[in-house]
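Structural description and commentary
Listed below are the residues making up each chain.
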Amino acid sequence: MKQIIGGNWKMNGSRLAALEFLSEMKRLGSGSVSSEIVLFPPFTLISLMADAAADAGIETGGQDIFWLEKGAFTGEISPAMLVDAGASWFLVGHSERRHVIGETDDIVRRKLEAGLETGLRGILCVGELIEERDAGRTEEVVRRQVESALKGLECVSTENFVIAYEPVWAIGTGLTATPGEAERMHSLIREWVAGAISIDFADNTRIQYGGSVKPDNAAEILSRPSVNGALVGGASLKAKSFMDILKAVPPQD
Ligand code: PGA
């Protein structure tokens, strides 16, 4: 399975920084790495970056989408608008959307469905808060997030869909799940995906790990058999550290 490394810039970046980042990525060899690379800049940079990114072997995506096609929804971006801007991917269910903005499982599901139906490829983020982990509720919470997004979803395929397991307490904190913990959760997520869709689908679905992935821990995380890539926040803002993570991907079949 080809690994997929995502770079989530969140609310960071400028036109100048974006173009410099891409030319640096190209110079450092992003076009010849073995994994798939997807960058999620803020909406304002997607159309500027899409062509130059493709040239550097990188796909672009939106950090969020709305579930309707058009109309009176101030501030929202439709899946078709993302396509028009040159994006081929979207993120949905990121913990900052769930817990800072207040998105529910139902909203995440609608967004996922709308994005996939429009022909975009989507990454569904799931993960537990520290309070949920401390209360022994990690499995219950992540299972609910996976099942509410996937059960009965028709437009999903192993080509257009990826899951990112991101324990919320590991995002931006410098803490990471141990490789063993990540592997255990990835195996459980695969079981829940199998229950929601099918065993064959689950066996071929890529599951990324996210939360403080950095050049110095990437090799250990990415070499675990049940980990099929990473979703990187802070360390994706600099071409050098993002490339170092890409270079840590083990040889793939
Ligand atoms: P981080 O963010 O790598 O800065 O922890 C990861 C994410 O939010 O996807």
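Check the entry above for the structure.
Residues numbered from 1 in each chain as written. Predicted model: local features only at pLDDT ≥ 70, side-chain atom pairs only at ≥ 80, totals over all residues. Heavy atoms only, no water.

1. Digging into the pattern of salt bridges
Selection criterion: Definition used for salt bridges: Asp or Glu carboxyl oxygen within 4 Å of a side-chain nitrogen of Lys or Arg. Per the convention used, a helix needs a DSSP run of H or I reaching at least four residues, while a strand needs a run of E reaching at least two, with both numbered from the N terminus. Burial classification: accessible surface area is computed with a 1.4 Å probe over protein chains only, and a residue below 20% of its type maximum counts as buried, one above 50% as exposed, and the rest as partly exposed.
Under the counting rule described, the total for this entry stands at 20 salt bridges. Between Arg206 and Glu36 there is a salt bridge whose closest N-O contact spans 2.9 Å. Residue Arg206 is located in strand β7 (residues 206–210), and its partner Glu36 is located in strand β2 (residues 36–40); the two are separated by 170 residues in the primary sequence. Across the pair, Glu36 and Arg206 agree in class, each one buried. The partner of Arg137 in a salt bridge is Glu140, and the shortest N-O contact between them spans 3.0 Å. Residue classification places Glu140 among the partly exposed residues on the basis of a relative accessible area of 47%. Each of Glu36, Glu59, Arg121 and Arg206 takes part in one network of salt bridges that share partners.

2. Quick look at the layout of surface pockets
Rolled over the atoms, a probe sized like a water molecule indicates the empty space that remains. Worth spelling out the cut-off: Put plainly, a pocket is an open set of points on a 1 Å grid over the protein atoms alone with protein on both sides within 12 Å along at least five of seven lines, a cavity is a set where a 1.4 Å probe fits but cannot get out, and a lining residue has an atom within 4 Å of a point. Grid points are joined across faces, edges and corners, and a volume is the space filled by probe spheres set on the points. For this scheme, ten residues count as nonpolar: Ala, Val, Leu, Ile, Met, Phe, Trp, Tyr, Cys and Pro. Four count as charged, namely Asp, Glu, Lys and Arg, and the remainder, Gly too, count as polar.
Considering only enclosed or pocket space, the largest pocket measures out at about 420 Å³ in volume. Surrounding the largest pocket, 17 residues form its lining, Phe43, Gln63, Asp64, Arg97 and Ile101 being those nearest its centre. Tallying contributions element by element places helix α4 (residues 95–101) first for the lining of the largest pocket, with three residues. The residue inventory of the lining of the largest pocket, partitioned by class, reads eight nonpolar, four polar and five charged. As for the second largest pocket, its lining consists of 17 residues, and the residues nearest its centre are Lys10, Ile171, Val232, Gly233 and Gly234. Residues of the lining of the second largest pocket, tallied by class, amount to six nonpolar, eight polar and three charged.

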